Amino acid sequence: MLSLYNVTAGQAAHYFDIDNYYARKEGVVNSQWWGKGAALMGLTQGVKAKQFDNLLKGFSASGDQFLRGREDQKSGALPLAKIITLASQLTEILGRVSNLSPSEKDDLVAEFKRGIHSKEYQDLSKASTAKAKISVLTGPSKELDRLFQSAGKSTQQRAGIDATFSAPKSVTLAAFVGGDERLLEAHNRAVRAALNVLEKRYSNTRVGGKNDRAVVTTGNLIAATFQHDTSRAKDPQLHTHCVILNLTQRKDKKWRSHYADEIWKNSKFLGTVYQNELAAEALKLGYEVETQSNGTFEIKGYTREQLEVFSKRREQVLQEGGANQKLARSAVLKSRASKGKEIPREELQVGWKIEAADAGITHPQYNLDKKSEINTSGIIGDISERLIHAAEMATERTVATRRENIETAAMAQNLGEVAFRDFEVKLSRNRPAEIKNTADEKKYLTDKSIEKEVQYIGVLERGLGKFQPVLKPENARIVADEINLEAKAQGQKGLTNGQRQAIEMTLSARDRVVGWQGVAGAGKTYSMRAVRKEFEKNGITV
């Protein structure tokens, strides 16, 4: 699976002090620079802490040149105008505290200003003392909370994205407990395959001014990858942190911020690319795999209960270890981690194997003869059929869809049987006739989705002006007023203009079909409930 997290500049040390002995002791081997941007920056060997820290802060790897953002953002400090604004707001809040002298108020404001102007101010740590003092004086204050939250958002610039690729539990067990370390390189190849797709499609930056802002693709990114082999509970867990830095180089050789929205939007797709390529690698190594309903896979041969043996939290292990002799030995070993003691992988593996034996786990055997039967490139006709089926699935609720939705659905049918590259090439260069492009070539349609859309349009047109309104427009306005007053009487905010318009339009509509559109949380469900109540009051079954 793939998990995404924003990374701030103050988190560099975390990746060199993570709860994983193997990563700390063999950091150069276990961490690598990746990406065309890394090559442009001259980064070729293992990740060095100082270089990583410089890049997270927007500097060149050597630290001698600032590459990202405005000068006043180099150190993470706030622009002066923002500091003045926030300090003024704090002064106003303190002005309402009667038991403070003017000099005491000035001292608190000065302490706050020093905190938010500090170079190390990444998490409100330098201003927390001032906040604590002020909170004691003012009591709980949402206004004060918003003030400090605003300061934090302004200083916590995104330094990068941590894209963490985690292997299925069965792959981890077969590799670390079963001893088949070929699966480690299989995992690494799958991670690189997903990162290559990410860089090819989503290495974007924004250019132009406020009125002519545009997104352009640069084709290069910088990432620091850290492979880890344990969870925080010291269970085996193969995963790789890929910290994609907030830097990319344009054609004019200037480094700019990486526009990462498309990575978040396509996280499921990128995770499926990883799963698909890892499943293909496992098949090549002679294992059988089973695709799961959640878009992942497991190597055949483990039961669900066996996989869950190594998926527990440390606290659960320690509690059970006291009462269960079978778990006591591994619990003692793992408890050393909570005391800050490093545990070599060799020792951990001894504990894992004891735990596996106690749980009756036997590891699946790979069949080297069977791997010759695997055709990871698939059959061209089969690829076309899978793409058509995937496109029809992706357009069940919409007339057109993005290519990533089709590719995700195509891979997820049977992970590993067809390489992602084959789906990509087929869809780009020689897609089936049943799959069409939209006019701007940004989305895809199918014959069936077009046919459904034509049917929907026909239903809409035939229903225009053919429906007897439930209420006259003036009565619909009265009902909306009543709903609004009722909501306020119940302590709610009342109707927004959009909710009011939707209710009035629906109750007085002469068309058989009325469409509502709104973002999540806009109050559509609440408004529809009110409309339904009014329909039923007028004898219409809903």
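Refer to the structure above for everything that follows.
My aim in this report is to walk through the structure given alongside it, one point at a time. (Residues numbered from 1 in each chain as written. Predicted model: local features only at pLDDT ≥ 70, side-chain atom pairs only at ≥ 80, totals over all residues. Heavy atoms only, no water.)

## Description of the overall build of the chain
Put simply, the rule is: Numbering of helices and strands starts at the N terminus; helices are DSSP runs of H or I of at least 4 residues and strands are runs of E of at least 2. Accessibility here uses a 1.4 Å probe with only protein chains present; expressed as a share of the type maximum, an area under 20% marks a residue as buried, one over 50% as exposed, and anything in between as partly exposed. What makes two residues a contact is simply this: any of their non-hydrogen atoms within 4.5 Å. Surface exposure here means Shrake-Rupley accessible area, sampled with a 1.4 Å probe, where a residue is shielded only by the protein chains that are shown.
A count of helices and strands for the chain gives 23 helices and 13 strands. Relative to its full complement of 542 residues, the chain shows a buried share of 46%. Taking the contacts inside the chain whose residues are at least 6 apart along the sequence as the reference set, 67% of them involve residues at least 24 apart. Carbon together with sulfur atoms contributes 49% to the accessible area of the chain, which is approximately 28700 Å² in total.

## Structural notes on helix α9 (residues 169-177)
Counting buried positions along α9 gives nine out of nine residues, so the element sits mostly inside the fold. Among the residues of α9, those classed as buried are Lys-169, Ser-170, Val-171, Thr-172, Leu-173, Ala-174, Ala-175, Phe-176 and Val-177. Once α9 ends, the next one or two residues include Gly-179, with phi positive near 90°.

## Considering the side chain of Thr-438
Test applied: Two N or O atoms count as a polar contact when they lie within 3.5 Å, although within protein this holds only if one can serve as hydrogen donor and the other as acceptor, and sequence-adjacent residues are included solely when both atoms are side-chain atoms.
Take Thr-438: it is sitting in the loop between β12 (435-437) and β13 (444-446). A polar contact of 2.6 Å, which involves the side chain of Thr-438, links it to the side chain of Asp-440. Aside from chain neighbours lying at most four places away, what touches Thr-438 is Ala-400, Lys-443 and Leu-445.

## Some points on the packing of aromatic side chains
Here a ring pair, both rings aromatic, is described through the centre-centre distance and the interplanar angle of the planes. Operational definition: A pair of Phe, Tyr and Trp rings is counted when the ring centres sit within 6.5 Å of each other, with Trp represented by its six-membered ring. The angle between the planes then sorts it: under 30 degrees is stacked, over 60 is edge-to-face, the rest tilted. Throughout this description, the term charge over a ring refers to an Arg CZ or Lys NZ atom that lies within 6 Å of the ring centre and within 35 degrees of the ring normal.
Applying the stated criterion to the full structure yields seven aromatic pairs. Considering the side-chain rings of Phe-165 and Tyr-274, the 5.4 Å spacing of their centres and the 50° angle between planes classify their relative orientation as tilted. In this pair, Phe-165 is assigned in strand β3 (residues 158-166) and Tyr-274 in helix α12 (residues 267-284), connecting sequence segments 109 residues apart. An identical accessibility class is assigned to Phe-165 and Tyr-274; each is buried. With 6.2 Å between their ring centres and 40° between their planes, Phe-176 and Trp-352 make a pair best called tilted. Placement of the pair is Phe-176 in helix α9 and Trp-352 in helix α16 (residues 345-358), with a sequence separation of 176 residues. Note on accessibility: Phe-176 and Trp-352 belong to one class, buried. Cluster of aromatic residues (ring-pair linked, three or more members): Trp-33, Phe-52 and Phe-226. Over the aromatic face of Tyr-366 sits the side chain of Arg-182, whose NZ or CZ is 4.1 Å from the ring centroid.

## Considering the pairing of strand β4 (residues 204-207)
Put simply, the rule is: Pairing between strands requires that DSSP locate at least two bridges from one strand to the other.
As paired elements, β4 and strand β5 (residues 214-217) share four bridges and run antiparallel to each other. Within β5, the residue paired with Asn-204 across the bridge is Thr-217. In sequence, β4 turns back onto β5 through a hairpin of six residues, with Gly-208 there showing a positive phi of about 95°.

## As for the sheet that holds strand β7 (residues 236-245)
One key point about sheets: their strands pair by backbone hydrogen bonds, in either a parallel or an antiparallel sense. The cut-off we apply is this: Only the stretch in contact is used when fitting a helix axis, every axis being a line fitted to C-alpha atoms; angles between N-to-C directions are given from 0 to 180 degrees.
If you walk across this open sheet you meet the five strands as β1-β3-β7-β6-β2, and the pairing is antiparallel. Strand pairing shows two members of the sheet lacking a second neighbour, β1 (2-8) and β2 (31-34), which therefore form its edges. Strand-to-strand twist in this sheet, taken as the mean axis angle between neighbours without regard to direction, amounts to 25°. Bridging between β1 and β3 involves seven bridges; their strand directions are antiparallel. Of the residues in β3, the one forming a bridge with Leu-2 is Phe-165. Packing against the sheet, helix α4 (residues 49-56) makes contact with β1, β2, β3, β6 (223-230) and β7, and its axis sits at approximately 50° to β7. Sheet strands touched by α9: β6 and β7. Its angle to β7, the strand with the most contacts, is close to 110°.

By themselves, these are just geometric observations and shouldn't be taken as functional.
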